[in-house]
Amino acid sequence: MTEIKSVNRNGTALNVIFDNGYDLTFESCWLRDHCRCHECYDPKTNLRTAHILDIPEADIDEAVCKDRKLIIKWSDSHVSSYDGDFLSEFNYETWSKSRRSSPKLWRGDDIVNKVAKVAVKKFLNTTDGASAVFQSLLDYGVAFIEDVEPSLAATEVVCKALGGVQHTLFGGMWEISPEPGNNDTAYMSVGLPQHTDLSSFTEPAGLQVFHCLRHDGSGGESVISDGFYAAMKLKEENPKDFAFLTTFKAEADYQFDGHYFRHPAPMIELDQYNDVRLVRFNTHDRSSMAFEKNLWTFKLKPGLIMVFDNFRAFHGRTEFTGMRVIVGSYVSRTDWLDKARSFKLIQ
């Protein structure tokens, strides 16, 4: 438990010194807005009960340390209490670091023995199993779930446990197999170059789930690579090109079955820390952004589900013959990160 050692007035702010060495300054308006008394905050819902426009413009009359807590008496007679653990969380350096992602970059098949491969029963029924899958997605952008019954229904159970089925123009759960006359290359037997899905959406799908139910033929190997690695390699070798791709809004559009999607966005999107947040890359008239040596190629078989981060991983497949049936779905980024936070893997 973090204890408060002393409190000193500094104009309209308070300087608070903690036993862990933190020396933080809090403005009075911030302190009043973050009051955690029962009138201002409901611990059952973890929500504020007072609207920000209803908070009075009160001054600090008195501020003291008592029972390891900061007690403030306000000019409107309101009393606020803050414990050391709560206030110390707002050391900006620590707070910011806790919210910054730290993906582990990879190339080619050097992650074969690093990504999670978890049996479906363990994933669905244990915290350790689920945490391993989500941690692998956070670290590498890829995870596998094994021993799954080769059916759409069993795959849907896994998709729901990953955060829920995201519905798009393709429906919720979908099935991909060669369909004569379909003008989407996903439904053909041709090879697919590396790409991310739904680049024409305002926000692409968060996760993508693939489960091969059957393949009576040859070829059709799955190919995946780390788009974050490719982006950072580009930044290292061609910083001007990297800067261009983070600012120039390339327009993507997709027309299919009466739908027409269009969205302009940088191919490489950065977050507030200037780290790569998202890569958008989907083209069938040029080669992959990643070098061949960066590709991981493998065969999906019935019973093995591949899950990958569509914000990060480029995926494709080799040309194939015969009937190849893939089922799966998308999972929104909001929903799968919600799951990761519930397992305390991220802030």
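Not measured: the values here are computed from a predicted model.

J.: Sorry, what's going on with the overall build of the protein here?
T.: A tally of regular secondary structure across the protein gives nine helices and 22 strands. A principal-axis box enclosing the C-alpha atoms of the protein has dimensions of 80 × 50 × 40 Å. A burial count over the protein gives 48% of its 347 residues as buried. Sequence-distant contacts, at least 24 apart, represent 71% of the contacts inside the protein between residues at least 6 apart.

J.: Even after reading the chapter, I still don't get the packing of helix α5 (residues 127-140) against helix α9 (residues 333-342), so can you show me in this structure?
T.: A packed helix pair is summarised by two numbers, namely the angle formed by the two axes and the spacing between the axes. Where α5 contacts α9, the two axes come as close as 10 Å, and the packing angle between them is 120 degrees. The element α5 and its partner α9 pack so that their crossing is left-handed. For the pair α5 and α9, contact is made by F134, L137 and L138 and by W336, L337, K339 and A340, respectively.

J.: Mind showing me how you'd approach the UniProt feature "domain: Gamma-butyrobetaine hydroxylase-like N-terminal" (unreviewed entry) in the protein here?
T.: Per the UniProt record, the feature "domain: Gamma-butyrobetaine hydroxylase-like N-terminal" (unreviewed entry) sits at residues 7-87. Across residues 7-87, the secondary structure splits into 12% helix and 46% strand, with the terminal C-alpha atoms separated by 12 Å.

J.: Even after reading the chapter, I still don't get the pairing of strand β6 (residues 60-66), so can you show me in this structure?
T.: On a regular strand, each side chain points to the face opposite its neighbour's, so the side chains alternate between the two faces of the sheet. Where β6 and strand β7 (residues 69-74) come together, six bridges link them in antiparallel fashion. What sits directly across from K66, in β7, is K69. Hairpin geometry of β6 and β7 is characterised by an intervening segment of two residues between the two adjacent antiparallel strands and by a positive phi of about 55 degrees at D67.

J.: Even after reading the chapter, I still don't get α5, so can you show me in this structure?
T.: Residue pairs three or four apart in sequence face the same way in an α-helix, which turns once every 3.6 residues. Compared with an ideal rise of 1.5 Å per residue, which puts 14 residues at 20 Å, α5 spans 20 Å between its outermost C-alpha atoms and is within 8% of the ideal. Within α5, 10 of the 14 residues are buried, which leaves the element mostly enclosed by the surrounding structure. The N-capping residue of α5, defined by a side-chain oxygen 2.9 Å from the backbone nitrogen of G129, is T126. Once α5 finishes, G141 follows within two positions and takes phi at roughly 80 degrees, a positive value.

J.: Explanation requested: the pairing of strand β16 (residues 259-265) in the structure shown.
T.: Both strand β15 (residues 250-256) and β16 contribute to a ladder of seven bridges, which runs antiparallel. Paired with D253 across the two strands is R262, which belongs to β16. Linking two consecutive strands that pair antiparallel, namely β15 and β16, is a turn of two residues; a positive phi of about 50 degrees is found at D257 within it.

J.: Got a minute to help me understand helix α7 (residues 227-237) in this structure?
T.: Among the residues of α7, those classed as buried are G227, F228, Y229, A230, A231 and L234. Of the surrounding elements, those touching the buried residues of α7 are β14 (222-226), α8 (239-247), β17 (268-270), β18 (276-279) and β21 (313-317). Near the N-terminus of α7, the side chain that reaches the backbone nitrogen of F228, with its oxygen 3.0 Å away, is that of D226.

J.: I tried to follow the pattern of salt bridges on my own but got confused; where do I start?
T.: Side-chain pairing between opposite charges can occur once the charged atoms of the two side chains come close. Considering all chains together, one arrives at 16 salt bridges under this definition. Here R277 and E269 are joined by a salt bridge, their closest N and O atoms 3.2 Å apart. Residue class for R277 comes out partly exposed when judged on its relative accessible area of 28%.

J.: In this structure, what is going on with the sheet that holds strand β1 (residues 4-10)? I would like to understand it.
T.: Strands pair in a sheet through their backbones, by hydrogen bonds, and they do so in one of two ways: parallel or antiparallel. Strand order in this open sheet of three strands is β1-β2-β3, and the pairing throughout is antiparallel. Lying at the two open borders of the sheet, with one neighbouring strand each, are β1 and β3 (23-27). Taking the axes of each pair of neighbouring strands and ignoring which way they run, one obtains an average angle of 25 degrees across the sheet. In the sheet, β1 pairs with strand β2 (residues 13-18) via six bridges, with the strands oriented antiparallel. Bridge assignment links S6 to a residue of β2, and that residue is I17.

J.: Would you mind going over the packing of aromatic side chains with me for this structure?
T.: Centre-to-centre distance and the angle between the planes together describe a pair of aromatic rings. In the structure shown here, the tally under the stated rule is 18 aromatic pairs. Ring centres 5.8 Å apart and planes at 75 degrees place the aromatic pair F144 and W296 in the edge-to-face group. With a gap of 152 residues between them, F144 in strand β10 (residues 142-146) and W296 in strand β19 (residues 296-298) connect regions that are remote in the sequence. The exposure class assigned to W296 is buried, which follows from its relative accessible area of 6%. Members of the aromatic cluster, joined through ring pairs, are F26, W30, F86 and F90. If you follow R32 out to its NZ or CZ, it ends over the ring of W74, 5.2 Å from the centre. In this structure, R324 packs its charged tip against the face of F320, placed 5.5 Å from the ring centre.

J.: Even after reading the chapter, I still don't get the confidence of the model for the protein, so can you show me in this structure?
T.: One rule of thumb: low pLDDT means the predicted coordinates there are not for detailed reading. In the predicted model, the protein carries a mean pLDDT of 91, and the fraction of residues at 70 or more is 97%. Segment residues 284-291: pLDDT under 50, and 13 contacts once partners within four positions in sequence are set aside and those in other chains are kept.

J.: Would you mind showing me how to read the sheet that holds strand β12 (residues 192-195) here?
T.: With respect to topology, four strands assemble into an open sheet ordered β12-β21-β14-β19, the strand pairing being antiparallel. The open sheet has two edge strands, β12 and β19, and neither has a second partner. Within the sheet, the average angular offset between the axes of one strand and its neighbour, ignoring direction, is 15 degrees. Bridging between β12 and β21 involves two bridges; their strand directions are antiparallel. Residue pairing for β21: L192 is matched across the bridge by R317. Docked against the sheet, α7 engages β14 and β21, running at close to 45 degrees with respect to β14.

Reading the values: rules and limits
- For every chain, the first residue of the written sequence is number 1, and numbering continues from 1 onward in sequence order.
- Only residues with pLDDT of at least 70 get local features here, since the model is predicted, and only at 80 or more are side-chain atom pairs given and counted; chain-wide, interface and lining totals rely on the full set of residues.
- Processing note: side-chain calculations cover all non-hydrogen atoms of the structure and skip hydrogens and water entirely.
- Under the scheme used here, helices are H or I runs from DSSP no shorter than 4 residues and strands are E runs no shorter than 2 residues, and both carry numbers assigned from the N terminus.
- Think of it in three bands: residues with accessible area under 20% of the maximum for their type are buried, residues over 50% are exposed, and the middle band is partly exposed, with areas taken using a 1.4 Å probe on protein chains only.
- Throughout, a contact is declared for two residues whenever any of their heavy atoms are within 4.5 Å.
- Fitted lines through C-alpha atoms give the axes, limited to the stretch in contact for helices. The angle between two N-to-C directions lies from 0 to 180 degrees.
- We call a crossing left-handed when the near helix sits turned anticlockwise from the far one by less than a right angle, and right-handed when that turn is clockwise.
- UniProt positions are given in the numbering used here, feature names are shortened, and annotations may be inferred rather than shown by experiment.
- Strands qualify as paired when DSSP identifies two bridges or more between them.
- A helix's residues, less one, multiplied by 1.5 Å, set its expected span.
- For this analysis, a polar contact is any N or O atom pair within 3.5 Å, provided that within protein one partner can donate a hydrogen and the other can accept it, and provided that sequence-adjacent residues contribute only side-chain to side-chain pairs.
- Every case where a carboxyl oxygen of Asp or Glu lies within 4 Å of a side-chain nitrogen of Lys or Arg is listed as a salt bridge.
- Stacked, edge-to-face and tilted are the three classes for Phe, Tyr and Trp ring pairs, Trp counted by its six-membered ring, which pair at centre distances within 6.5 Å; planes under 30 degrees apart are stacked, over 60 edge-to-face, the rest tilted.
- Criterion for a charge above a ring: Lys NZ or Arg CZ within 6 Å of the ring centre, and within 35 degrees of the ring normal.
- A residue's pLDDT is the confidence the predictor assigns to it, expressed on a 0 to 100 scale.

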